[in-house]
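Next come the chains, spelled out residue by residue.
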Amino acid sequence: MEINELKQIDKTVKGWLHESRDNVLRKIDTRLEVDTKTSRRDLVTNIDKQNEKFLVGKIREFDPNAQILGEEGFGDQVHSTEGRIWIVDPIDGTMNFVKQRNHFAIMIALYEDGKGLLGYVMDVIGKHLLSGGPDIGVFDNGHPLPQVKDTPLREGLIGLSGPMVLHNDYNMVDIAQQSLGMRIYGSAGIDIISVLRGELVGYISYLKPWDFGAGRILCETAGLKMTTIDGQRLDVLSSTPVLLATRNAHQDILTIVSQ
Ligand code: IPD
Ligand code: CA
Ligand code: CA
Ligand code: CA
């Protein structure tokens, strides 16, 4: 895709995100309708659904021939990475949204034939929008993202998934112990922003395409590594334990995982 076309799409998506954020903020103090999905810790609210409908509507109007993969099911059934695919997580960190009204993100990604073109991760309350892609670079609220330092695990904080720590999956306790400390934020988007901004040296969680699709494009463009937990290439349609880290920390963590 031509750079000018990408920049035009980038401007359009940012417009949707600002509108989407304003819609969420307008309703943030209203009583939420909360439903459980697979368990009592797996929630969806009326705002998740409304926001996905809003974003899917905008994408359909703008790019009618593309496929859309949305967490709450208002998009399409996507089985192949052929052509353009938009991936939407309308509220990432729904539990945080319900219990804290804080620490949640809105995420959008655009792929073409499996290649990431543009990614967007917005911390709604913290007011950070990380955006961009391989052809235009990564931006933090419109400013070029500073080079992320290649910090090793032992010199940084690591973002982990609560359940994976509780079950000590993949030697998660050792990973935490070899770092300077672990953080459990409860939103993949917030963790991804933290890694991009150099506040965390890495992040590990079981993730689905809408959790990592946008972050992967930004992180790879920024020189970070995002793979499966055993270092394999991440397929954009897969659901798997994901390891995101600086190059050094990625190597450190793979060594611990394989012990
Ligand atoms: C979840 C959050 C959480 C992560 C889960 C995700 P959701 O997303 O990002 O931090 O550990 O794997 O499913 O369901 O709140 O959009
Ligand atoms: Ca969910
Ligand atoms: Ca999510
Ligand atoms: Ca979600």
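Note: the structure precedes this text.
The notes below deal with the structure included here. Every chain begins its residue count from 1, and numbering advances along the sequence as written. Naming scheme: in the order in which they are written, chains are lettered from A and ligands are numbered from 1. Given that the model is predicted, a residue must reach a pLDDT of at least 70 before its local features are reported, and side-chain atom pairs must reach 80 or more before they are shown or counted; all residues, however, enter totals for whole chains, interfaces and linings.

### Structural notes on the site of ligand 1
Inference 1: For each residue, a C-beta atom is placed from the backbone, and the residue counts as near a molecule or strand when that atom lies within 6 Å of it. Taken together, 13 residues form the shell around ligand 1, and within it Asp92, Thr94, Ser161, Ala188 and Ser205 come nearest.
Inference 2: Where the shell around ligand 1 is concerned, the elements lending two or more residues are strand E4 (84–92) and strand E12 (202–207).
Inference 3: In this description a helix means any DSSP run of H or I spanning at least four residues, a strand means any run of E spanning at least two, and both kinds are numbered starting from the N terminus. Among the elements that line the shell around ligand 1, the one with the most residues is E12, at three residues.
Inference 4: Note on residue categories: nonpolar means Ala, Val, Leu, Ile, Met, Phe, Trp, Tyr, Cys or Pro, charged means Asp, Glu, Lys or Arg, and polar means any other residue, Gly included. Grouping the amino acids of the shell around ligand 1 by side-chain chemistry returns three nonpolar, six polar and four charged.
Inference 5: Note that the domain bounds were set by an automatic or database domain assignment. For the shell around ligand 1, the two domains that each supply at least three residues are domain 1 (3–144) and domain 2 (153–257).

### Description of the pairing of strand E8 (residues 137–140)
Inference 1: Bridge analysis of strand E7 (residues 128–133) against E8 gives four bridges, and the strand direction is antiparallel. Each bridged residue has a counterpart across the sheet, and for Ser131 the counterpart in E8 is Phe139.
Inference 2: Two successive antiparallel strands, E7 and E8, enclose a turn made up of three residues.
Inference 3: Two strands pair if DSSP finds at least two bridges between them. Pairing between E8 and strand E9 (residues 143–144): two bridges, direction antiparallel.

### Focus: the packing of helix H6 (residues 188–196) against helix H7 (residues 209–221)
Inference 1: Relative orientation of the contacting elements H6 and H7 amounts to 10°, with a least axis distance of 10 Å. In this view, H6 runs roughly parallel relative to H7, as classed from their interaxial angle. Each of Ala188, Ile192, Val195 and Leu196 in H6 lies in contact with H7, whose residues at this interface are Asp211, Phe212, Gly215, Leu218 and Cys219.
Inference 2: Of the residues in the contact of H6 with H7, the class split is seven nonpolar, one polar and one charged. Throughout, an axis means a line fitted to C-alpha atoms (over the contacting stretch in the case of helices), and angles, computed between N-to-C directions, take values from 0 to 180 degrees. By definition in this entry, angles of less than 35 degrees are roughly parallel, angles greater than 145 are roughly antiparallel, angles of 65 to 115 are roughly perpendicular, and the rest are oblique. Placing a C-beta atom from the backbone of each residue, one calls two residues in contact when those atoms lie within 7 Å.

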